[in-house]
Amino acid sequence: MPEPAARSAAPSAAELLEFVRRTAADAALVASLPLDPQGRTWSRLEGPGGSEAWLIGWPPGTGTGWHDHGGSQGAFATAAGSLREESLAARIPTEGWKTLELADGVDRERLLTAGRGRAFGAHHVHQVLNKSTDEHAVSVHAYYPPLPMMRRYSRTGAVLRLEHVERPEEWQ
């Protein structure tokens, strides 16, 4: 009988989603994250299969701004509170542009309450927001391969503009 094919070490989007959901359900881990009333806090975690993972605290009224994940796929789940994700339902080219006019109908929005999560592909552009005026949110994020960069964008109406490229040394 032939031996089963060796499994690749790279985690799938489904495996990343399962990891973030399971980790978000770890009440002791979530409670261990120090929360700051003014700014986001984070702690690095060990993700599956060499992925990069983070536990992130979100004070009321904070968000990421529009960004991508430098070609990495990922997943995130809300552990406490709720987060709103605004995303673009379009494959955005990752290189070779500074300003892009978005087509009508590409905007998507979802509310992720505690226990809910989502996975996304390598070309995902979004922003994540804690719209609460009085409650912290906590979430778990995982990326594979580990983030090589994050591109930061501004958005005015249908125009998305590349503003800055962050490297890992800026957030680690």
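Predicted model only: the values in this text are computed from it and were never measured. (Residues numbered from 1 in each chain as written. Predicted model: local features only at pLDDT ≥ 70, side-chain atom pairs only at ≥ 80, totals over all residues. Heavy atoms only, no water.)

**Structural notes on the sheet that holds strand S1 (residues 41-46)**
Pairing in this open sheet of five strands is antiparallel, and the strands run S1-S2-S10-S4-S8 from one edge to the other. Every other strand in the sheet has two partners, leaving S1 and strand S8 (117-120) as the edge strands with one partner each. Averaged over all neighbouring strand pairs, the angle between strand axes comes to 20°, with direction disregarded. Pairing between S1 and strand S2 (residues 52-58): six bridges, direction antiparallel. Its bridge partner lying in S2, Glu46 is registered against Glu52. Across the sheet, helix H1 (residues 13-24) touches S1, S2, strand S4 (73-80), S8 and strand S10 (137-144), and the angle it forms with S4 is around 20°. (Pairing = 2+ DSSP bridges. Helix = DSSP H or I, 4+ residues; strand = E, 2+ residues; numbered from the N terminus. Axes fitted to C-alpha atoms, helices over the stretch in contact; angles between N-to-C directions. Contact = heavy atoms within 4.5 Å.)

**Regarding the packing of aromatic side chains**
By the definition in use, this model includes two aromatic pairs. With 6.4 Å between their ring centres and 55° between their planes, Phe120 and Tyr143 make a pair best called tilted. Residue Phe120 is located in strand S8, and its partner Tyr143 is located in strand S10; the two are separated by 23 residues in the primary sequence. You'll find Phe120 and Tyr143 in the same group, each marked buried. Looking at Arg40, its charged tip hangs above the ring of Trp58, at a distance of 4.8 Å from the centre. (Phe/Tyr/Trp six-rings, centres within 6.5 Å; stacked < 30°, edge-to-face > 60°. Buried < 20%, exposed > 50% of the residue type's maximum accessible area, 1.4 Å probe, protein only. Lys NZ or Arg CZ within 6 Å of the ring centre and 35° of its normal.)

**Overview of the nonpolar core**
Core analysis: the largest hydrophobic core is formed by 16 residues, its most contacted members being Phe19, Val20, Leu55, Val138, Val140 and Ala142. Every element with two or more residues in this core is listed here: H1, S2, S4 and S10. A per-element tally of this core places H1 first, with five residues. Excluding anything up to four places from it in sequence, Ala142 contacts Leu16, Phe19, Val20, Glu52, Ala53, Gln73, Gly74 and Ala75. Within the second largest apolar cluster, 13 residues are counted, among which are Phe76, Leu83, Phe120 and Val128. (Core = buried A, V, L, I, M, F, W, Y, C linked by side-chain atoms within 4.5 Å.)

**Looking at the environment of Pro11**
Locating Pro11 in the fold gives a position in the segment before H1. Separated by 39 residues in the primary sequence, Pro11 and Gly50 place their C-alpha atoms 8.1 Å from one another. Filtering out sequence-adjacent residues up to four positions away, Pro11 remains in contact with Leu16, Pro48, Gly49, Ser51, Gln73 and Tyr144.

Any functional reading would require information beyond the geometric quantities listed.
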